[in-house]
Amino acid sequence: EAGVTQFPSHSVIEKGQTVTLRCDPISGHDNLYWYRRVMGKEIKFLLHFVKESKQDESGMPNNRFLAERTGGTYSTLKVQPAELEDSGVYFCASSQGSGVGNIQYFGAGTRLSVL
Amino acid sequence: AQSVSQHNHHVILSEAASLELGCNYSYGGTVNLFWYVQYPGQHLQLLLKYFSGDPLVKGIKGFEAEFIKSKFSFNLRKPSVQWSDTAEYFCAGLGWDMRFGAGTRLTVKP
């Protein structure tokens, strides 16, 4: 069974450009999460999808970030326009259920470098 | 405020040494706690989890952790580390929302 896959593994862009990150969850997992780790800091929650609906987007830093999950399968996270402080590693995770008692399975992350 | 904190940012050990990585949490409700590991270039993998029951939980690769409610701690231990344990370790969990510690980078010297 395939795990959570993320693409690309690394993206280098200039300030002001647009980048789209993709996450394919484990098949059958309704719950999909995005997290971000800025260098040296803790991994922080961005948002949570249940199927195609945004359950919680309280961690999204600002309106330059747009996450979608059309059809409830894969998800994209677009940053437009990118700023220097957006650099970091973006993790995606998926789980069957949500909340207490569930395990989130993580992808390898996308390292975003904004120059 | 809800939080998970890890005490050590970087730990360097020689092979066969014993390991203990600290993790404390701040949360008033029922907790779920996890330790994840990220080997270089790989995804975050679940080492072990605590949901309820026996506070001493055993995970993969010889790791274990003990949930001590009175100390709000969930420290990770391994009696004898190997070079292949070199990785970054994350404590995570709490209630509905997943909170992470800042991570501990472990370097095991051969």
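The paragraphs below set out a description of the structure included in this document. (Residues numbered from 1 in each chain as written. Chains lettered and ligands numbered in written order. Predicted model: local features only at pLDDT ≥ 70, side-chain atom pairs only at ≥ 80, totals over all residues. Heavy atoms only, no water.)

1. Some words on the side chain of Gln6(A)
Residue and element names in this part refer to chain A.
Then, number 1: Position of Gln-6 relative to the elements: it lies in strand E1 (residues 5-7).
Then, number 2: Classification of Gln-6 by relative accessible area gives buried; the value is 13%.
Then, number 3: Here the side chain of Gln-6 touches Cys-92 through a polar contact of 3.0 Å, landing on its backbone nitrogen.
Then, number 4: Side-chain polar atoms of Gln-6 contact the backbone nitrogen of Gly-109, separated by 3.0 Å.
Then, number 5: Among all residues touching Gln-6, those that are not within four sequence positions of it are Arg-22, Cys-23, Trp-34, Tyr-90, Phe-91, Cys-92, Gly-107, Ala-108, Gly-109 and Thr-110. (Helix = DSSP H or I, 4+ residues; strand = E, 2+ residues; numbered from the N terminus. Buried < 20%, exposed > 50% of the residue type's maximum accessible area, 1.4 Å probe, protein only. Polar contact = N/O pair within 3.5 Å; in protein donor to acceptor, adjacent residues only side chain to side chain. Contact = heavy atoms within 4.5 Å.)

2. A word on the sheet that holds strand E7 (residues 65-68) of chain A
Residue and element names in this part refer to chain A.
Then, number 1: Across the sheet, four strands lie side by side as E1-E3-E8-E7; this open sheet has antiparallel pairing. Both edges of this open sheet fall to E1 and E7, since each of them pairs with a single strand only. This sheet shows a mean twist of 15° between the axes of neighbouring strands, independent of strand direction.
Then, number 2: Bridge analysis of E7 against strand E8 (residues 75-79) gives four bridges, and the strand direction is antiparallel. From the neighbouring strand, Glu-68 faces E8, where its bridge partner is Thr-76. (Pairing = 2+ DSSP bridges. Axes fitted to C-alpha atoms, helices over the stretch in contact; angles between N-to-C directions.)

3. Digging into the state of the cysteines
Residues and elements named next belong to chain A.
Then, number 1: Taken as a whole and assessed by the stated rule, the structure comprises two disulfides over all chains.
Then, number 2: Cys-23 shares a disulfide with Cys-92; S-S distance 1.8 Å. With the S-S bond torsion at -65°, the cross-link from Cys-23 to Cys-92 turns out left-handed. One end of the pair, Cys-23, is in strand E3 (residues 19-24); the other, Cys-92, is in strand E9 (residues 88-95), with 69 residues separating them in the sequence. Across this residue pair, the class does not change: Cys-23 and Cys-92 are buried. (Disulfide = S-S within 2.5 Å.)

Keep in mind these values describe shape, not function.
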